[in-house]
Amino acid sequence: MSDDPTPADDTRADGEDARVRYDQARYVEDGQYEPLLSEKDLTRVEVGEESPLPDDLTREDLELPELSEPELARHYTRLSQMTYGIDSGPYPLGSCTMKYNPKFTEDVAALPTAAVHPDRSPGTIQGTLELLYRLQDYLGRIGGMDAVTLQPPAGAAGEFVGIRVAAAYHEHNGEAHRDEVIIPESAHGTNFATAALGGYDVVSLPSDEDGRVDLEALEAALSENTAALMLTNPNTLGLFERDIEEIAELVHDVGGLLYYDGANLNALLGRARPGDMGFDVMHYNVHKTFATPHGGGGPGAGPVGVVEELAPFLPAPRVREVGGSDDADGERGEPTYELFDPDHTIGKVHGYQGNWLVLVKTFAYIARLGDVGLADASAMAVLNANYLASQIDYEIPYGPFHHEFVASAGEQDAAEVAKRMLDYGVHPPTTKWPEIVPEALMTEPTEVESKATLDRLAAAFDAVATEDADTLEAAPGRTTARRIDQTSAARNPRLSWQALEDD
Ligand SMILES: *Cc1c(COP(=O)(O)O)cnc(C)c1O
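Only a predicted model underlies this, so the values are computations on that prediction, with no experimental measurement involved. (Residues numbered from 1 in each chain as written. Predicted model: local features only at pLDDT ≥ 70, side-chain atom pairs only at ≥ 80, totals over all residues. Heavy atoms only, no water.)

## Details of the site of the ligand
Formally: Here a residue counts as near a molecule or strand whenever at least one of its heavy atoms sits within 4 Å of it. Between N or O atoms, a polar contact is any pair within 3.5 Å; within protein, one atom must be a potential hydrogen donor and the other a potential acceptor, and residues adjacent in sequence are included only when both atoms are from side chains. Here the Shrake-Rupley method, with its probe set to 1.4 Å, supplies the accessible areas, and only the displayed protein chains count as covering residues. Segments assigned H or I by DSSP are reported as helices when at least four residues long, segments assigned E as strands when at least two residues long, and all are numbered from the N terminus. In this count, Pro and Cys sit with the nonpolar residues alongside Ala, Val, Leu, Ile, Met, Phe, Trp and Tyr, while Asp, Glu, Lys and Arg are called charged and the others, Gly among them, polar.
Near the ligand the following residues occur: S95, A154, G155, A156, E159, H188, T190, D261, A263, N285, H287 and K288. Between the ligand and the protein, one listed contact pairs an oxygen atom with a backbone N or O atom of A156 at 2.7 Å. A distance of 2.5 Å separates a nitrogen atom of the ligand from a polar side-chain atom of D261. Surface burial for the ligand is 87%, taken as the share of its 380 Å² of free accessible area covered by protein chains. Of all elements in the fold, only α5 (155–172) and α10 (286–289) reach the threshold of two or more residues within the shell around the ligand. Per-class residue counts for the shell around the ligand are three nonpolar, six polar and three charged.

In structure tokens:
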């Protein structure tokens, strides 16, 4: 994009109400509508009644769309062009970390040897178990945790497992009376949901004026009823909790546990470890840190790591290495891998070992990058966030930040800023959260973007920053669908296709 980021084909503000719902008729008119496969013309050239071929080669007609391969390829290519994805351009959603997923991890997961039936006996899937064992080990080392389960299928599911493990630990120690989980008010919504679903009362912790945990407020909140404090570090403002060691001491002094929400691990990767800061239990968002696809409700992974004291409560089964010790001649034997149930396990939280192919991608990514690569990724994530922040005109009230920052749209509506950014060909940041920044634009460019791309993002921010409310309200004008009624789409999904004329 050139220095002038004004959209070349800017047809927004022509008096039409831009808040239309996805309007099929309009897209047909614009030539932008892509019919469903089932709407495509099914007529085809007739071969004639009598087949000249023998009976075993005559086929019954199947009621399927008759499409040639290029027609099919064009259909899906057109659909993919109607939406914005990580392969279209930068995707700076703060907290959600839309990290680029390298294609080689897909290749690894597509290897025929990765297609293992999960019911096969452990003796016949030693390679699978070794990969899982090594991934448990890698994640444990990266987080500074002693034991890891790979089963939970998402970050939020990992949180829930972590909190259930903490509960089982307290119960085992005769401390079932602990019924409170403390959470900073700037935390991700899943933290509150996790604690509530885990059966705890949520104690909300205000931030101090520089956006970090308020130690006095924490001291006041802690008691013999504290089961855990859930924190992410750097926090959702991208700020490092400098007092983390003191925080850990305060929590441990009352017998509570410290939970690390690993969604912000990108800033620490290969540089600092939650375990060393005093955290007892954490989840990893592999789709935010280790370049696996976001589940979108589909298969993901949210492994959970714990310190030794909590390991007996992890979900069953886990994988362990056995043997491999020296034999009588001092020769090191081949280790083998087996499944085992931790002594006081909370039980099973997912089929088999979790979402195996997601875990294969996680493993491949860590193995390819190695220690230097992981530390580089985190350095670039922090550098890119800081560079982008230095280039945009919106105010950024809190700092210094790490891999993400929260700008304020000020007098503008952050959600409208987001819609308008789409017209400049970039994806907007996360908006309106955390609420401690008014009209928040929570931005995380990730480590993979070039300076040119960051400049293009900054140009889009700055162009929108100068625009008036009418312009923003009419946006987006250049996307296939404009403002979709997301609430109705979620609440009243249309699960079967209705042809246009039925509408
Ligand atoms: C994304 C996120 C979560 C939840 O993870 P999911 O995999 O989306 O369930 C929890 N905490 C923070 C800070 C996050 O950014």
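## What about the sheet that holds strand β4 (residues 226–231)?
Basically, it comes down to this: Any two strands are treated as partners once DSSP identifies two or more bridges connecting them. Axis geometry follows a simple rule: fit a line to the C-alpha atoms, using only the stretch in contact for helices, then measure angles between N-to-C directions, giving values from 0 to 180 degrees. The contact criterion used is simple: two residues touch if any of their non-hydrogen atoms lie within 4.5 Å.
In spatial order, the strands read β1-β7-β6-β5-β4-β2-β3; together these seven strands make up an open sheet with mixed pairing. Because the sheet does not close on itself, it has two edges, and the strands there are β1 (147–149) and β3 (201–205). The mean inter-strand angle of the sheet, taken between neighbouring strand axes irrespective of direction, is 20°. Inspection of the sheet shows β1 paired to strand β7 (residues 304–306) by three bridges, in the antiparallel sense. Looking at β7, one finds that A147 is bridged to V306. Relative to strand β5 (residues 257–261), α5 is tilted by about 170°, and along the sheet it contacts β4, β5, β6 (281–283) and β7.

## Some details on empty space enclosed by the protein
To be explicit about the condition: Lining residues are those with an atom within 4 Å of a point, where the points come from a 1 Å grid over the protein atoms alone and group into cavities, where a 1.4 Å probe fits but cannot get out, or pockets, open sets with protein on both sides within 12 Å along at least five of seven lines. Grid points are joined across faces, edges and corners, and a volume is the space filled by probe spheres set on the points.
Applying the stated rule across the entire model yields two cavities of 30 Å³ or more. When its volume is computed, the largest cavity comes out at roughly 100 Å³. Every residue lining the largest cavity is counted, 15 residues in all, and those nearest its centre are P184, S186, L231, N235 and E241. Split by residue class, the lining of the largest cavity holds seven nonpolar, six polar and two charged. Taken as a whole, the second largest cavity holds about 50 Å³ of empty space. Lining the second largest cavity are S95, H188, T232, T236, D261, A263 and N264.

## Focus: the sheet that holds strand β12 (residues 440–443)
Across the sheet, which stays open at both edges, the three strands sit in the order β10-β12-β11 with antiparallel pairing between neighbours. What marks the edges here is a single partner per strand, and that holds for β10 (405–408) and β11 (430–431). Alignment of β10 against β12, held across four bridges, turns out to be antiparallel. Paired with A407 across the two strands is L441, which belongs to β12.

## Concerning a nonpolar patch on the surface
Our working definition: Each patch is built from salt-bridge-free residues with over 30% relative accessible area, joining like charges within 9 Å and nonpolar side chains (Val, Leu, Ile, Met, Phe, Trp, Tyr) within 5 Å. A side-chain nitrogen of Lys or Arg and a carboxyl oxygen of Asp or Glu constitute a salt bridge if their distance falls within 4 Å.
A surface patch of nonpolar side chains, amounting to about 260 Å² of accessible area, comprises L72, Y76 and L79. Structurally, the position occupied by L79 is in helix α2 (residues 69–81).

## Description of unusual backbone geometry
Formally: Note on classification: 1.4 Å probe, protein chains only; a residue is buried when its accessible area is under 20% of the maximum for its type, exposed when over 50%, partly exposed between these limits.
Of note, the bond from N233 into P234 is cis; its omega dihedral lies within 30 degrees of zero at -5°. Within the secondary structure, P234 is located in the loop between β4 and α8 (244–253). Here W433 and P434 are connected by a cis peptide whose omega angle stands at 0°. Considering the arrangement of structural elements, one finds P434 in the loop between β11 and β12. With phi around 65°, K432 is a residue other than glycine that occupies positive phi space. Here K432 is to be found in the loop between β11 and β12. Assessed through its relative accessible area of 35%, K432 is described here as partly exposed. Within the chain, T446 stands out as a residue other than glycine whose phi angle is a positive 75°. Here T446 is to be found in the loop between β12 and α13 (451–465).

All quantities given are derived from atomic positions and should not be read as evidence of function.
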